[in-house]
Amino acid sequence: MPDSLPVTITQQSTLLSTIHSPDDLKKLTLAELQRLADECRREVINLVSVNGGHFASSLGVVELTVALHHVYSTPRDKIIWDVGHQAYVHKILTGRKEQMQTNRQFNGLAGFPKRAESPHDAFGVGHASTSISAAAGIAAGAELSGSKEKVIAVIGDGSMTGGMAFEAMNHLGDLKSDVLVILNDNQMAISPSTGGLRTHLINMTLNKTYNKARSLLWQSISLFNNELGEKAKKAIRKVEDGFKAALTPGAFFEALGLRYFGPIDGHNMEQLVKALKEMQALPHPKLLHVITTKGKGFKPAEENQSKWHAHNGGFDTTTGKNLKTADGSQPPKYQEVFGKALVELALKDIRIAAITAAMPSGTSLDLFQKALPNRFYDVGIAEGHAVTFAAGLAIQGYKPVFGVYSTFLQRAFDQLIHDVALQNLHVVFAIDRAGLVGEDGPTHHGAFDLSYLHTVPCLVIMAPSDEQELRDMLYTALYSINCPVAIRYPRGNGTGTPLQKNFTALPVGKAKIIRQGEGLALLSIGTMTGKALEVADVLDKEGIHATVVNMRFLKPLDTELIEELATQATHLVVLEENSAIGGLGSAVIDHLNAKGLHRPLLKVGLPDAFVTHGNIDDLYRSIGFDTPTMASRIKQFYTEGQR
């Protein structure tokens, strides 16, 4: 199939059906571009209603995406989408329309831009605030090679709160590279954006004087009018600069070395196309401020943008009504158990404070926000700042709890070591989404936290096997430990373990034997304890009676029990939903070697590879984490050692 087919529109066909590559957008009129945008929006609604996925963000940038591909020419020109959860229309327009039914499914399209998937995906993304840095580097490389491609970074105002974005703009202004930064301003991350920049942007875009003056200025002057002489152009530029400094948020960006333009209506195709064509002609760093509505075109998403940030699918495409039958028997999610337990404890202890990095609903800290707003802090997409901020609170005698996804805590590793652990401060890290997370894939799997945290001195690390143990570990972290503490727990629902009314302090560094066997010992941590019991049931039918241990703590390690097991069992197996390198298995081996206790030991952990995206069951089968495969592997390890 050729890269581009001629655009022919009939009454029976949709305009979208004629689009096979971005080249097909080049000759469309403004009216046709808007029609295409409307069809793309409907396509996204239909797709997510069936398969689920990120939703409101993609709806908010439909017109912007269409205009970008009309004006610029990918893959020669490079468009970098910050985070990338808003790039569904980009994928639809770049030759993947027919494959979008497989979005986020095992062996299907990724939920985020991925370089291996398409040459139109200029940079792999999934985490926030990276786009401007990547764009600056790509532009610098183009300059070194003498290439003339244009480079565009599309970043939301939520991602703009991340320090990396400011660092990149500061450097970009010094480089003076030909990069366009598009600030997609919808006042939202997953939840409403926070911070001084957000307030400044909102205040300026609502300023009536500013809007009237801006409209007059944009209508009356053009910096690209060849009829103007140099003196006139300089005079106009001075007027423009003064106007920006007095009335717009542009003064801040201009101080960093980026020419500022806007704000413009991100749903007005004419304004978008005109502005982008003008940006295309400027050979230096510039920022175009675009105002959009998250969830645009789908009323339920416009009215509740946080709820519709992402959806599991199964909703009516007009009303948004859930078409799936709710299962009232489902256990609560781990994040909900954590959120409710923290509120319960904080209501009785004024020293407890909660911190999130723009993820109140994702971590269930929105429950704390509603109950105790004065002790709740949303720092924006700024994990490093969140950790050091928590350190400051701890110095003042408070007990800060930072609720954060495992994959996002990676971004604050230095602060965790230098600002918290080195000072032995009592900060609690509630690490959500530990282990594989499913459809969001390798950018969001919590595959490494046990490994990287294991290296940090003065840090207690634990993982609950069920939701009641999560409650007890939170209580233990707050009241039995006076140093940094990390509790890691998975995405999704708990095991159904009944929740007790009271909390119980756990003995720090002590494991628990939950099934007694002989010959073979299965040492598990976190929710792998449930998997260990399933494996033990299978092995029991094969005549192999395994001891199952819930280790609870990676650090301090229950070395006494490990030594006891090493003398009683002939074979040890360690199960963890974390990289097999550097986690619990490595800790057990290191200790046994130090004590001269050499026993056959099998590490069952995540592979030394980036696990793909898809349904959890599919992912487990692909890496041998399903119960039958795991049991077979352990049986082979044990029986071969008996020969």
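Analysis parameters
- Residues numbered from 1 in each chain as written.
- Predicted model: local features only at pLDDT ≥ 70, side-chain atom pairs only at ≥ 80, totals over all residues.
- Heavy atoms only, no water.
- Helix = DSSP H or I, 4+ residues; strand = E, 2+ residues; numbered from the N terminus.
- Buried < 20%, exposed > 50% of the residue type's maximum accessible area, 1.4 Å probe, protein only.
- Contact = heavy atoms within 4.5 Å.
- Areas by Shrake-Rupley, 256 points an atom, 1.4 Å probe, with all protein chains shown as cover.
- Phe/Tyr/Trp six-rings, centres within 6.5 Å; stacked < 30°, edge-to-face > 60°.
- Lys NZ or Arg CZ within 6 Å of the ring centre and 35° of its normal.
- Polar contact = N/O pair within 3.5 Å; in protein donor to acceptor, adjacent residues only side chain to side chain.
- 1 Å grid on protein atoms, 1.4 Å probe; cavity = no way out; pocket = protein on both sides within 12 Å on 5 of 7 lines; lining within 4 Å.
- Points joined across faces, edges and corners; volume = space filled by probe spheres on them.
- Nonpolar A, V, L, I, M, F, W, Y, C, P; charged D, E, K, R; others polar.
- Pairing = 2+ DSSP bridges.
- Axes fitted to C-alpha atoms, helices over the stretch in contact; angles between N-to-C directions.
- Left-handed = near helix turned anticlockwise from the far one by under 90°.
- Disulfide = S-S within 2.5 Å.
- pLDDT = per-residue confidence, 0-100.
- Parallel < 35°, antiparallel > 145°, perpendicular 65-115°, else oblique.
- Core = buried A, V, L, I, M, F, W, Y, C linked by side-chain atoms within 4.5 Å.

S.K.: Describe the overall build of the chain, listing the residues and the values that go with them.
M.R.: From N to C terminus, the chain includes 24 helices and 19 strands. Taken across its 643 residues, the chain has 56% of its residues classed as buried. When contacts within the chain are restricted to residue pairs at least 6 apart in sequence, long-range pairs at least 24 apart make up 76% of them. Accessible surface for the chain amounts to roughly 26500 Å². Of this, 52% is attributable to carbon and sulfur atoms.

S.K.: Got a sec to walk through unusual backbone geometry? Specific residues and values, please.
M.R.: Along the chain, T74 connects to P75 via a cis peptide bond; the corresponding omega equals 5 degrees. One can find P75 in the loop between α3 (62-71) and β2 (78-81). A cis amide bond links K555 with the next residue in sequence, P556, at an omega value of 0 degrees. By secondary structure assignment, the location of P556 is in the loop between β17 (553-555) and α21 (559-568). The backbone of S129 shows a phi angle near 75 degrees, a positive value even though the residue is not glycine. Here S129 shows up in the loop between α4 (88-96) and α5 (131-145). The buried category is assigned to S129, whose relative accessible area is 1%. Positive phi outside glycine occurs at A358, with the angle close to 65 degrees. Positionally, A358 belongs in the loop between β8 (352-356) and α14 (366-371).

S.K.: Account for the environment of G517, naming residues and giving values.
M.R.: By the secondary structure assignment, G517 is in the loop between β14 (512-515) and β15 (520-524). Looking at G517, the relative accessible area reads 21%, which means it is partly exposed. Distance from G517 to A546, taken between C-alpha atoms, is 4.5 Å for residues 29 residues apart in sequence. Setting aside residues no more than four positions away along its own chain, G517 makes contact with H545, A546 and T547.

S.K.: Tell me about the packing of aromatic side chains, and please be specific about residues and values.
M.R.: Evaluated as defined, the whole model comprises 17 aromatic pairs. Measuring from ring centre to ring centre gives 5.0 Å for Y377 and F389, while their planes differ by 65 degrees; the resulting arrangement is edge-to-face. With a gap of 12 residues between them, Y377 in strand β9 (residues 376-378) and F389 in helix α15 (residues 383-395) connect regions that are remote in the sequence. We classify Y377 as partly exposed; its relative accessible area is 28%. Take F389: its relative accessible area is 26%, and that puts it in the partly exposed class. Grouped by ring-pair contacts, the aromatic residues F55, F298, W308 and F315 constitute a single cluster. Over the aromatic face of F503 sits the side chain of R471, whose NZ or CZ is 4.2 Å from the ring centroid.

S.K.: Kindly report on helix α23 (residues 616-623), identifying the contributing residues and their values.
M.R.: Put simply, N615 is the residue that caps the front of α23, since its side-chain oxygen is 2.8 Å from the backbone nitrogen of D617. Downstream of α23 by a residue or two, G624 has a phi angle that is positive, lying close to 75 degrees.

S.K.: I'd like a rundown of empty space enclosed by the protein, residues and numbers included.
M.R.: For the structure shown, the criterion picks out 6 cavities of 30 Å³ or more. Considering the residues around the second largest cavity, the lining is formed by A434, G435, A463, R488, Y489, P490, I525, G526, T527, M528 and E577. When grouped by side-chain class, the residues that make up the lining of the second largest cavity number 6 nonpolar, 3 polar and 2 charged.

S.K.: Describe the sheet that holds strand β19 (residues 601-606), naming the residues involved and giving the relevant values.
M.R.: Paired through backbone hydrogen bonds, the strands of a sheet run either parallel or antiparallel to each other. Taken in spatial order, the 5 strands make up an open sheet running β14-β16-β15-β18-β19, and their pairing is mixed. The open sheet has two edge strands with one neighbour each: β14 and β19. Averaged over all adjacent pairs, the angle separating strand axes in this sheet is 25 degrees, with direction ignored. Bridge count for β15 against strand β18 (residues 571-579) is 5 bridges, and the pairing is parallel. Across the sheet, residue L520 finds its bridge partner in β18, namely H571.

S.K.: Summarise the sheet that holds strand β12 (residues 460-462); cite the residues concerned and give the values.
M.R.: An order of β9-β8-β10-β11-β13-β12-β17 is seen for the 7 strands of this open sheet, with the pairing classed as mixed. Where the open sheet ends on each side, the last strands, each with one partner, are β9 and β17. Ignoring strand direction, the axes of neighbouring strands in this sheet form an average angle of 20 degrees. Bridge analysis of β12 against strand β13 (residues 485-488) gives 3 bridges, and the strand direction is parallel.

S.K.: Give a description of the packing of α3 against α4 that names residues and reports values.
M.R.: The interhelical angle for the contact between α3 and α4, taken along N-to-C directions, is 35 degrees, at an axis separation of 9 Å. Considering only the axes of α3 and α4, their crossing is right-handed. On α4, the residues touching V62, T65, V66 and H69 of α3 are V89, H90, L93 and T94. Residues that form the contact of α3 with α4 fall into these classes: 4 nonpolar, 4 polar and no charged.

S.K.: Can you explain the state of the cysteines? Please cite residues and give values.
M.R.: Applying the stated criterion across every chain, the model contains 0 disulfides. Distance from the sulfur of C483, which forms no disulfide, to the nearest cysteine sulfur (C458) is 7.1 Å. What makes C483 buried here is its relative accessible area of 15%.

S.K.: I'd like a rundown of the confidence of the model for the chain, residues and numbers included.
M.R.: Residues at a pLDDT of 70 or more form 87% of the chain, whose mean pLDDT is 90. This stretch, residues 1-12, has a pLDDT under 50; its non-local contacts, to residues over four places away or in other chains, come to 16 contacts. Confidence over residues 220-225 falls short of pLDDT 50; this stretch has 12 contacts with residues more than four positions distant or in other chains.

S.K.: Please give an account of the packing of α5 against helix α6 (residues 163-175) that cites residues and values.
M.R.: The interhelical angle for the contact between α5 and α6, taken along N-to-C directions, is 25 degrees, at an axis separation of 8 Å. With respect to α6, the element α5 is oriented roughly parallel. In the packing of α5 onto α6, the handedness of the crossing is left-handed. Side by side, α5 and α6 meet where I132, S133 and A136 of the first sit next to M164, A165, A168, M169, L172 and L175 of the second.

S.K.: If you had to explain the nonpolar core to someone new, which residues and values would you point to?
M.R.: Counting 54 residues, the largest nonpolar core has F402, L409, F429 and L523 as the members making the most contacts within it. Ranked by residues supplied to this core, first place goes to α15 with 6 residues. Excluding its chain neighbours within four sequence positions, the residues that come into contact with L523 are V549, M551, I562, L565, L572, V573, V574, L575, L584 and V588. Residues L16, V44, V61 and L68 belong to the second largest nonpolar core, which totals 52 residues.

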